[in-house]
Amino acid sequence: MYYTNPQIDRVHRIFDQNERSGYLRLDLNENPDPIPVDIVKDVLNNITPEFVSQYPETVQFQNRLAGYLNTSPENVCLTNGSSEAVRYVIEGFTSVKGRIVSVTPSYFMFQIYSEMYDRNIVQIKYNDDMTMDINNIIDALTDDTELLILLNPNNPVGNTYTTEEFERLLDEAERRKITVLVDEAYFYFYPVTFINYALEREHIFVTRTFSKLFAMAGCRLGYVAGWKEGVKIVQKLCTPHNVNGFALAFAQKLLDSPDVVDAMIAKFNEGRKYLISKLDRLGYDHLGQAGNFIFIKPKTDADLIVDRMKNEHKILVKSYNGIGIMGKCLRVSIGGKECMERFITALTALDK
Ligand SMILES: Cc1ncc(COP(=O)(O)O)c(C=O)c1O
């Protein structure tokens, strides 16, 4: 008997169809400034035919990552990008029709996974100025809520939580026995982390990725950190050998090269400072306190600018609708000063 899962059939997904090679890619929050070519060469020099032919060895890297996070290997599970970690947390810690509380606008995969697994996701709206009143989240937490998903910082809005706000949310979740997932995909661009809560308490997970600051989106590597029993459940859901050997080799090299990582952070900070000062000087409203992305309110039509940036300047950016008082905006990934100069030159040429 042929069978198609109607639940999956109903899910509406949009896969990125852009031909992106040869473009300055500021549309998907990658790091537009790649890792140094010497690092790439070093890693590839050590790749042997056997490395390619054999399943990846994860134990050594898992130990290295655990050391880096100051925890033990049982507290972390490696995943094929952090989007896979999010999926497994939703699959493992919520039930069919189970209630999930999150925020909107937010990373779209929370909604997609909830639909895939037939969960009941309740999304709390940001205020019109894109700030979040955490009382609105707290009010939405009920005894039958199974998972609270927070982003630190949020994509696309860039908002964050103070420690006091975060602890209030955690306390309420704990009181109602709700598992908490904190997505920290943009850690490093925004240096405040809540990972210690995940490593010290139970029923809190933090997901992170090597796709963003570490500029390894093409390799696919992420992880989830949390209490041992919880991490064990996530691990059980993983496909065998779910992470790629090349990703592990590049990630190991970066963890062993803190100077390179520091230089990447410095480059980003310089680019961000430059971009914001230019936007201010040019009289643009913008929004996004944290993360490697920013919303810009254009003076003319956002969709038209997206098209013309692509066709005339070979720069990819995204348009967003309904960003509160900002209305229709451009969302632009932030990179080093050179990338941002190119973007500002194109924006000033087109947006008039
Ligand atoms: C908030 C957030 N979480 C997770 C991800 C997934 O990243 P990856 O699967 O590449 O680790 C993204 C990617 O854009 C994101 O914006």
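None of these values were measured; they are calculated from a predicted model. (Residues numbered from 1 in each chain as written. Predicted model: local features only at pLDDT ≥ 70, side-chain atom pairs only at ≥ 80, totals over all residues.)

### Let's talk about the overall build of the protein
Let me state the cut-off plainly: Helix and strand definitions here come from DSSP, where helices need a minimum of 4 consecutive H or I residues and strands a minimum of 2 consecutive E residues; each element is numbered from the N-terminal end. For the radius of gyration, the atoms used are the C-alpha atoms, and the globule rule reads 2.2 Å times the number of residues raised to 0.38. Between the buried cut of 20 or more and the exposed cut of 12 or fewer other C-beta atoms within 10 Å of a residue's own C-beta lies the partly exposed class, and all C-beta atoms are placed from the backbone. Contacts are defined on C-beta atoms placed from the backbone: any two residues whose C-beta positions lie within 7 Å are in contact.
When helices and strands are counted, the protein shows 14 helices and 13 strands. Here the C-alpha atoms of the protein give a radius of gyration of 21 Å, agreeing with the 20 Å that 2.2 N^0.38 yields for 352 residues. Put simply, the protein has 352 residues, and 39% of those count as buried. Contacts in the protein between residues far apart in sequence, at least 24 positions, make up 73% of those at least 6 positions apart.

### A word on the packing of helix α5 (residues 82–93) against helix α6 (residues 109–116)
Think of two packed helices as two axes; the pair is described by the angle between the axes and how far apart they sit. The criterion, for reference: Here an angle of 0 to 180 degrees is reported between the N-to-C directions of two axes, which are lines fitted to C-alpha atoms, with helices fitted over the stretch in contact. Put simply, angles under 35 degrees are roughly parallel, angles over 145 are roughly antiparallel, angles from 65 to 115 are roughly perpendicular, and the rest are oblique. Take the far helix as the reference: if the near one is turned anticlockwise from it by less than a right angle, the crossing is left-handed, and if turned clockwise, right-handed. In this classification, Asp, Glu, Lys and Arg are treated as charged, Ala, Val, Leu, Ile, Met, Phe, Trp, Tyr, Cys and Pro as nonpolar, and every other residue, Gly included, as polar.
Look at α5 against α6: their axes get within 10 Å of each other, and the N-to-C directions meet at 40°. Compared by their axis directions, α5 and α6 come out oblique. Where α5 crosses over α6, the handedness of that crossing is right-handed. Seen from α5, the contacting residues are Ser 83, Val 86, Arg 87 and Ile 90; seen from α6, they are Met 109, Phe 110, Tyr 113 and Ser 114. For the contact of α5 with α6, a count of residues per class yields five nonpolar, two polar and one charged.

### Observations concerning the domain arrangement of the protein
To keep things clear, this is the line we draw: The start and end points of each domain follow an automatic or database-based domain assignment.
Looking at the assigned domains, one finds that the protein contains domain 1 (16–33 + 258–350) and domain 2 (37–255). One C-alpha centre belongs to domain 1, the other to domain 2; they are set 25 Å apart. Contacts between the two partners involve 21 residues from domain 1, matched on the other side by 22 residues from domain 2. Residues belonging to the side of domain 1 that touches domain 2 are distributed by class as follows: 11 nonpolar, seven polar and three charged.

### A word on the sheet that holds strand β4 (residues 120–125)
The cut-off we apply is this: Here the rule is simple: two strands pair whenever DSSP picks up at least two bridges between them.
Strand order in this open sheet of seven strands is β2-β8-β7-β6-β5-β3-β4, and the pairing throughout is mixed. The open sheet has two edge strands with one neighbour each: β2 (76–79) and β4. Strand-to-strand, the axes of this sheet are offset by a mean angle of 20°, without reference to chain direction. Pairing analysis gives five bridges linking strand β7 (residues 204–209) to strand β8 (residues 222–226), with the strands arranged antiparallel. What sits directly across from Phe 205, in β8, is Gly 226. Against the sheet, α6 touches β3 (99–104), β4 and β5 (145–151), its axis set at about 155° to β4.

### Thoughts on the site of the ligand
As a reminder of what qualifies: Residues are classed as near a molecule or strand if the C-beta position derived from their backbone is within 6 Å of it.
In the region of the ligand, 13 residues are neighbours, and Gly 81, Ser 82, Ser 83, Thr 209 and Ser 211 sit closest. Each residue belonging to the shell around the ligand can be placed in one class, and the counts come to four nonpolar, eight polar and one charged.

### Re the sheet that holds strand β9 (residues 286–287)
Spatially, the four strands line up as an open sheet ordered β9-β10-β13-β12, and their pairing is antiparallel. The open sheet terminates on both sides in strands that have one partner only, identified here as β9 and β12 (318–320). Note that strand β10 (residues 293–296) and strand β13 (residues 329–333) share four bridges and pair antiparallel. Bridge assignment links Ile 294 to a residue of β13, and that residue is Val 332.

### Here's the deal with unusual backbone geometry
Residue Pro 105 follows Thr 104 across a cis peptide bond; omega there is 0°. As for its placement among the helices and strands, Pro 105 is situated in the loop between β3 and α6. One non-glycine residue, Asn 70, lies in the positive phi region at around 65°. Unlike most non-glycine residues, His 241 shows phi in positive territory, near 50°.

### Looking at helix α13 (residues 302–313)
Test applied: Every helix has an expected span of 1.5 Å times one less than the residues it contains. The arc in question is the one traced by the directions running from the helix axis out to the C-beta atoms.
For α13, with 12 residues, the first-to-last C-alpha span of 15 Å sits near the 16 Å given by 1.5 Å per residue. By the burial criterion, the buried members of α13 are Ala 302, Ile 305, Val 306 and Met 309. Seen from one end, α13 has its buried residues packed into an arc of 105°, which puts them on one side. In this structure, α13 carries Asp 303, Asn 311 and Glu 312 as exposed residues pointing more than 90 degrees from its buried face. Backbone geometry just after α13 places Lys 314 at a positive phi near 55°.

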